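Residue-level listing of the chains:
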Amino acid sequence: MSSIKGPSSTHFDGSNLRIAIVHARWNKSVIDALVAGTINKLKECGVKDSNIIIQSVPGSFELPFACSKVIAGSHVQASTSSGDLIGLSFGGSSTSLPSTKEPPIPTSTVVNMPNAPFDAVVAIGVLIKGSTMHFEYICDSVSHALMKIQIDTGVPVIFGVLTALTEDQALERAGLGRGSEKGHNHGEDWGLAAVEMGTHSKLWAEGMFI
């Protein structure tokens, strides 16, 4: 029986959008697959390689701070590098991915920032419940902080943080299930959501409602 979960399919053109992906590094194999799925859908929607910027942080708890700084840095004038202003380097990364089960995350190089700010940010992390309350505290604080960032900045922040009770749940939500059913890579949904919300945000800011 097919699932009713997920949004209805609507295509949006992302060719004029600039998207940032900020990901944690905990649970790397799952993270790598989710980032790859996000990138693939961004590119399918027409987002240019040069407009997909990838940054990483140690864990999910650091995602809100990083997203906030990345959004602020994207408003830096073209003549000033982001590294000079806020200590971050936004790289023009090669997003060509080999066809492996767990693709490596693209590397970044230091470049000057263009004038265009980010139209959306995808925050990606993987939290798996352990034997203490650590999981609950991180899930709650990160969720609220990411929501607040998009409200405060006016830039859509896509919630790409898996909150799994088991390793198998996390793997299945990255399309890496251990059984015959590999599951669905939720990174694909986040890429589509970033393009849709980035497009809406641009239009709404101009008083256009379609």
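Residues numbered from 1 in each chain as written. Predicted model: local features only at pLDDT ≥ 70, side-chain atom pairs only at ≥ 80, totals over all residues. Heavy atoms only, no water.

Points about the overall build of the chain
Here's step 1: Broken down by element type, the chain carries six helices and four strands.
Here's step 2: Along the chain direction, N to C, the helices and strands of the chain fall in the order β-α-β-α-α-β-α-β-α-α.
Here's step 3: Buried residues in the chain amount to 42% of all 210 residues.
Here's step 4: Across the chain, contacts joining residues at least 24 apart in sequence account for 76% of those joining residues at least 6 apart.
Here's step 5: Surface exposure of the chain reaches about 11100 Å², of which carbon and sulfur atoms provide 56%. (Helix = DSSP H or I, 4+ residues; strand = E, 2+ residues; numbered from the N terminus. Buried < 20%, exposed > 50% of the residue type's maximum accessible area, 1.4 Å probe, protein only. Contact = heavy atoms within 4.5 Å. Areas by Shrake-Rupley, 256 points an atom, 1.4 Å probe, with all protein chains shown as cover.)

Overview of the sheet that holds strand β1 (residues 19-24)
Here's step 1: Strand order in the open sheet made by the four strands is β2-β1-β3-β4, with parallel pairing throughout. Edge positions in the sheet fall to β2 (52-57) and β4 (157-164), since each has one partner strand and no second. Averaged over all adjacent pairs, the angle separating strand axes in this sheet is 15°, with direction ignored.
Here's step 2: Pairing geometry for strand β3 (residues 120-128) and β4, over eight bridges, is parallel. Looking across to β4, one finds that V122 is bridged to I158.
Here's step 3: Its contacts with the sheet put helix α1 (residues 28-44) on β1, β2, β3 and β4, and the angle it makes with β3 is roughly 155°.
Here's step 4: Strands β3 and β4 of the sheet are contacted by helix α4 (residues 134-153), whose axis makes an angle of about 170° with β4. (Pairing = 2+ DSSP bridges. Axes fitted to C-alpha atoms, helices over the stretch in contact; angles between N-to-C directions.)

A closer look at the nonpolar core
Here's step 1: One finds I19, I21, V30, L34, L42, V122 and I124 to be the most contacted residues of the largest nonpolar core, which totals 29 residues.
Here's step 2: Where this core is concerned, the elements lending two or more residues are β1, α1, β2, β3, β4, α5 (167-172) and α6 (186-205).
Here's step 3: With seven residues, α1 is the largest single contributor of residues to this core.
Here's step 4: Apart from residues lying up to four places away in sequence, L42 is in contact with I19, I21, V47, I52, G191, A194 and V195.
Here's step 5: Counting residues in each nonpolar core, the second largest holds 22 residues, with L63, F118, A123 and C139 among its members. (Core = buried A, V, L, I, M, F, W, Y, C linked by side-chain atoms within 4.5 Å.)

Topic: the confidence of the model for the chain
Here's step 1: In this model, the chain carries a mean pLDDT of 86, and residues with pLDDT of at least 70 account for 80%.
Here's step 2: Overall, residues 81-88 carries pLDDT values under 50, and its contacts beyond four positions in sequence, including any with other chains, amount to 13 contacts.
Here's step 3: Every residue in residues 92-100 scores below 50 in pLDDT, and together they form 24 contacts with partners more than four places removed in sequence or on other chains. (pLDDT = per-residue confidence, 0-100.)

Comments concerning the pattern of salt bridges
Here's step 1: Scanning the entire structure with this criterion turns up eight salt bridges.
Here's step 2: Between K148 and D152 there is a salt bridge, with the nearest N and O atoms lying 2.5 Å from each other. Here the residue K148 and the residue D152 both occupy positions in helix α4, the gap between them amounting to four residues, near one helical turn.
Here's step 3: Residue classification places D152 among the exposed positions, given a relative accessible area of 52%.
Here's step 4: Linked through salt bridges whose partners overlap, the residues forming this network are E167, D168 and R178. (Salt bridge = Lys/Arg side-chain N within 4 Å of Asp/Glu carboxyl O.)

Here we look at the packing of helix α2 (residues 63-73) against α4
Here's step 1: Look at α2 against α4: their axes get within 9 Å of each other, and the N-to-C directions meet at 15°. When the interaxial angle is binned, α2 and α4 end up roughly parallel. Crossing handedness for the pair α2 and α4: right-handed. Of α4, the residues touching α2 (which contributes L63, P64, C67, S68 and I71) are V142, A145, L146, I149 and T153.
Here's step 2: Residue composition of the contact of α2 with α4, grouped by class: eight nonpolar, two polar and no charged. (Parallel < 35°, antiparallel > 145°, perpendicular 65-115°, else oblique. Left-handed = near helix turned anticlockwise from the far one by under 90°. Nonpolar A, V, L, I, M, F, W, Y, C, P; charged D, E, K, R; others polar.)

Considerations on the environment of V142
Here's step 1: If you trace the backbone, V142 turns up in helix α4.
Here's step 2: Look at V142 and you get buried, because its relative accessible area is 2%.
Here's step 3: Setting aside anything within four residues of it in sequence, one finds V142 in contact with S60, F61, P64 and V161.

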